[in-house]
Amino acid sequence: MSGLTRIIAIIVLYSVAIFFLLGLGYYRGIEVLAVLSIPVLLSSWFFGLLGGLLSGTASLLCSAPFVPSKMLPLLGVCYFAVGGGLGLWHRLKHPPTTKKTKAADHQFFKRSLNFAYVIDAEGQIIEGNDRATEVFGSPRRVWEFIHPDDQARFREELGRAALRGEAGPIKLRTISQRKEMIPVELKLVRLEQNRLARLALEMRDLSALAELENKVREAQARYRYLIEDAIDTLDTGILLLDKDQRVIWANRTLERFFDLDRDEMIGREVRRALWRAKQALAQPNDFEKITTGSAEPFIFTVQTNHAERILEYRSLPVATERYKGGRIDHFIDITEKKRLEQNLQEKTKRLEEKNHQLEEFTRVVSHDLKEPLRTISAFSQYLLEDYYDKLDDEGKDYLNRINRASLRMQNLIDDLLRLSRIGACHETLEKVYLSEVFEHIKEDMKARLENVDLRLPKTMPIIIANRTRMVELFGNLISNAIKYNDKPEKRIEIGWSQQGEFYRFYVRDNGIGIEEQYLDKIFELFERLNPRGDDYESTGAGLTICKRIVEEYGGRIWVESKVGEGSTFYFTLPNPRFSQKLSSNGTSTIREFEVSYAQQKT
Ligand code: ADP
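Owing to the predicted nature of the structure, the values given are computational and were not obtained by experimental measurement.

A. Layout of the overall build of the protein chain. Helices and strands together make up the secondary structure of the protein chain, namely 18 helices and 17 strands. Relative to a compact globule of 602 residues, whose C-alpha radius of gyration would be 25 Å, the protein chain shows 57 Å and is clearly more extended. Dimensions of the protein chain, computed from C-alpha atoms along their principal axes, come out at roughly 195 × 60 × 50 Å. Split into buried and exposed, the 602 residues of the protein chain put 37% on the buried side. Of the contacts formed within the protein chain by residues at least 6 apart in sequence, a portion of 54% connects residues at least 24 apart. Accessible surface, the protein chain as shown: approximately 36700 Å² in total, 55% of it carbon and sulfur. Between the averaged position of the 88 positive side-chain charges in the protein chain and that of its 87 negative side-chain charges there is a distance of 12 Å.

Below, the structure is given as structure tokens:
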């Protein structure tokens, strides 16, 4: 209520009181006191001590016509007591601003870190603080620094503050004297009661906050683009759906796979978003599975104008809180993988056919070659036996040579056959106790091993292999160790050790040794270092067969040697504990192996 309204209210009250007293017709001090005390109370309430005293005087004057003059002093005391008392109480409750506090307030206003102005209801500036002057200079009106686009809003707030006493806080922009835009949060407070009163305008600088917000926004955008770009460059098509089956997001790869425009897809229900892709699907049923989110992965073919692709579909439910109930669909392009698989299948098939043909060829050739060889050998033998006396020495020598050559030829053919059989599909894998393999070899070579010091390890490992091949492998190496040894005391040592996923074996002799330049060559087919002579047993195929066997099991073979001192042949074979073959070929399992291995050791 403004001051004027209050004064009018008091005058009205006096008028009503006087009319009431006039209407009453009789006058007693108590009624007069009661009626005329009311405006005194109100005045002291509105205007404090001074108001109370002034109104007390007025009530005393108004009482004069209605009471005998001797009662006036008493009434005066009562009016002043009421007005003065209430006024005093009012002053104590709302002490007037002292000069000191006013000065402190002013200092506070001047030094405030915020921009502060005292303005009138029209936006005219009455006073500005230091900080405001520093940034906005000395404007005469607020319109000089409020951003043109925000002036209408400011005007509204100003009107509101003038009417209601305060307005804000609101955020708007200002322009500094350096023509920089400064975002602020402002508040308006009316300083006086009347409508045309002065207002305090306080503005908080939000530049630092806005800058921080901008930085955060930029960082967020950067990371979002980074992630989106990364997902866009994936080979996998990605479709993100919300719980209502609407497309939240799709990557570029998906666009490419189905010839779709992702901007058209986003926000649409998945069936509508993908409907154009339906014609591109080889099997129309696949559309149903893709749009409903098949739980099981499946493979389908899609044919667009640009390409035909084989895609693998996988759907995963989204677990995050924000998109709970939604799903992520992955479309993996497996066209190349499928093509390679098909190529591989075709190649394997062709290879199997070739292998089969080769086996057939070897079998036929060896059979057809062996037949005439046997005839040559038999008839040369007959000649030697039946016509021995009729032949001169030269003739006998020729016949002997024919005989030996045919036997050698037979050995060569046998070696070729053995070589061709290594790794044949029908070769079975089994648990091979190497200690038994050596028993077998010792029995086979009993005569040849008679004067040989053969040293075997105390225990031998069990491996998964073909038993016959193992006899052949160790047998060949032991046979060579005897054959290529000129020492009176022939010594052969066999040993083994663990080497990662393999066992490493060695066969060591104290024989003639091999020159360094031949260390690799001796593993080639029909390579022999010793002069051919009449030794038909030596064909140069033995080590080639050993190499084939070892490599068939994924191992490696090599030799270390010193001429005159002896040679050590090393080779590796897989330790079944690490071998995939072991459990997959059905002949044994790792568990079984471990049990039997432990049993053998105890
Ligand atoms: P072959 O014994 O039938 O000649 P191999 O392939 O078994 O054929 O051996 C190839 C060659 O390697 C042999 O001719 C021999 O010269 C050499 N060789 C093989 N084993 C030994 C060995 N333990 N010591 C010395 N030389 C060897």
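B. Geometry of a nonpolar patch on the surface. A grouping of Leu 4, Ile 8, Val 12 and Val 16 is seen on the molecular surface, where their side chains present a nonpolar patch of about 380 Å² in accessible area. The topology assignment puts Leu 4 in helix α1 (residues 3-24). By relative accessible area, which is 61% here, Leu 4 ends up exposed.

C. Spatial organisation of the site of the ligand. Not every one of the 20 residues close to the ligand is listed here, only the nearest: Asn 480, Tyr 484, Ser 538, Gly 540 and Leu 543. Within the side chain of Asp 509, a nitrogen or oxygen atom sits 2.9 Å from a nitrogen atom of the ligand. In isolation the ligand exposes 520 Å². Once the protein is present, 97% of that is buried. Of all the cavities here, the one that holds the ligand is the largest pocket. Looking at the shell around the ligand, the elements with two or more residues in it are α15 (467-483), α16 (542-552) and β17 (566-574).

D. Fine view of empty space enclosed by the protein. With the rule as written, the count across this model stands at 1 cavity of 30 Å³ or more. Here the largest cavity is characterised by a volume of approximately 30 Å³. Looking at the largest cavity, the residues that line it are Phe 258, Leu 274, Ala 277, Leu 281, Phe 287 and Ile 290.

E. Seen up close, the layout of surface pockets. The calculated volume of the largest pocket comes to roughly 1000 Å³. Taken together, 43 residues form the lining of the largest pocket, with Asn 476, Ser 479, Asn 480, Lys 483 and Tyr 484 sitting closest to its centre. Elements supplying a minimum of two residues to the lining of the largest pocket: α13 (393-421), α14 (434-444), α15, β15 (502-509), α16 and β17. Taken together, the residues of the lining of the largest pocket sort by class into 17 nonpolar, 14 polar and 12 charged. As a volume, the second largest pocket reaches approximately 650 Å³. Asp 105, Phe 109, Val 118, Leu 191 and Ala 200 are the residues nearest the centre of the second largest pocket, which is lined by 20 residues in total. Only α4 (99-111), β1 (115-119), β2 (125-128), β4 (181-190) and β5 (199-205) provide two or more residues apiece to the lining of the second largest pocket. At 5 residues, the largest contribution of residues to the lining of the second largest pocket is made by α4.

F. Structural detail: the pairing of strand β9 (residues 308-317). With 6 bridges connecting them, strand β8 (residues 298-303) and β9 associate as antiparallel partners. Note that in β9 the partner of Phe 298 across the bridge is Tyr 313. In this antiparallel pair of consecutive strands, β8 and β9, the connection spans 4 residues. Here β9 runs beside strand β10 (residues 327-333); their pairing, made up of 7 bridges, is antiparallel. Following the sheet pairing, Tyr 313 is matched in β10 by Phe 331.

G. Focus on the sheet that holds strand β3 (residues 166-175). One open sheet holds the 5 strands; their spatial order is β2-β1-β5-β4-β3, and the pairing between them is antiparallel. The open sheet is flanked by β2 and β3, the only strands paired with a single partner. Adjacent strand axes in the sheet meet at a mean angle of 25°, parallel and antiparallel pairs treated alike. Here β1 pairs with β5 via 5 bridges, running antiparallel. From the neighbouring strand, Tyr 117 faces β5, where its bridge partner is Leu 201. The sheet contacts of helix α6 (residues 151-164) involve β1, β3, β4 and β5, and relative to β3 the element is tilted by about 155°.

H. A look at the packing of α1 against helix α2 (residues 29-63). Close contact between α1 and α2 brings their axes to 8 Å; oriented N to C, the two are set at 170°. As the angle between them shows, α1 and α2 are arranged roughly antiparallel. Tallied by class, residues from the contact of α1 with α2 come to 20 nonpolar, 4 polar and 2 charged.

I. Summary view of the pattern of salt bridges. Within this structure, the stated rule accounts for 31 salt bridges. Across the pair Glu 341 and Lys 338 runs a salt bridge, and its minimum N-O distance is 3.7 Å. Here Glu 341 pairs with Lys 338, and both are found in helix α12 (residues 335-386), just 3 residues apart, close to one helical turn. Among the residues examined, Glu 341 registers a relative accessible area of 36% and is labelled partly exposed.

Calculation criteria
Residues numbered from 1 in each chain as written. Predicted model: local features only at pLDDT ≥ 70, side-chain atom pairs only at ≥ 80, totals over all residues. Heavy atoms only, no water. Helix = DSSP H or I, 4+ residues; strand = E, 2+ residues; numbered from the N terminus. Rg over C-alpha atoms; globule rule 2.2 N^0.38 Å. Buried < 20%, exposed > 50% of the residue type's maximum accessible area, 1.4 Å probe, protein only. Contact = heavy atoms within 4.5 Å. Areas by Shrake-Rupley, 256 points an atom, 1.4 Å probe, with all protein chains shown as cover. Lys, Arg positive; Asp, Glu negative; His and termini not counted. Charge placed at Lys NZ, Arg CZ, Asp CG, Glu CD. Patch = residues over 30% accessible without salt bridge, like charges linked within 9 Å, V, L, I, M, F, W, Y side chains within 5 Å. Salt bridge = Lys/Arg side-chain N within 4 Å of Asp/Glu carboxyl O. Near = heavy atom within 4 Å. Polar contact = N/O pair within 3.5 Å; in protein donor to acceptor, adjacent residues only side chain to side chain. 1 Å grid on protein atoms, 1.4 Å probe; cavity = no way out; pocket = protein on both sides within 12 Å on 5 of 7 lines; lining within 4 Å. Sits in = over half its atoms within 2 Å of the grid points. Points joined across faces, edges and corners; volume = space filled by probe spheres on them. Nonpolar A, V, L, I, M, F, W, Y, C, P; charged D, E, K, R; others polar. Pairing = 2+ DSSP bridges. Axes fitted to C-alpha atoms, helices over the stretch in contact; angles between N-to-C directions. Parallel < 35°, antiparallel > 145°, perpendicular 65-115°, else oblique.

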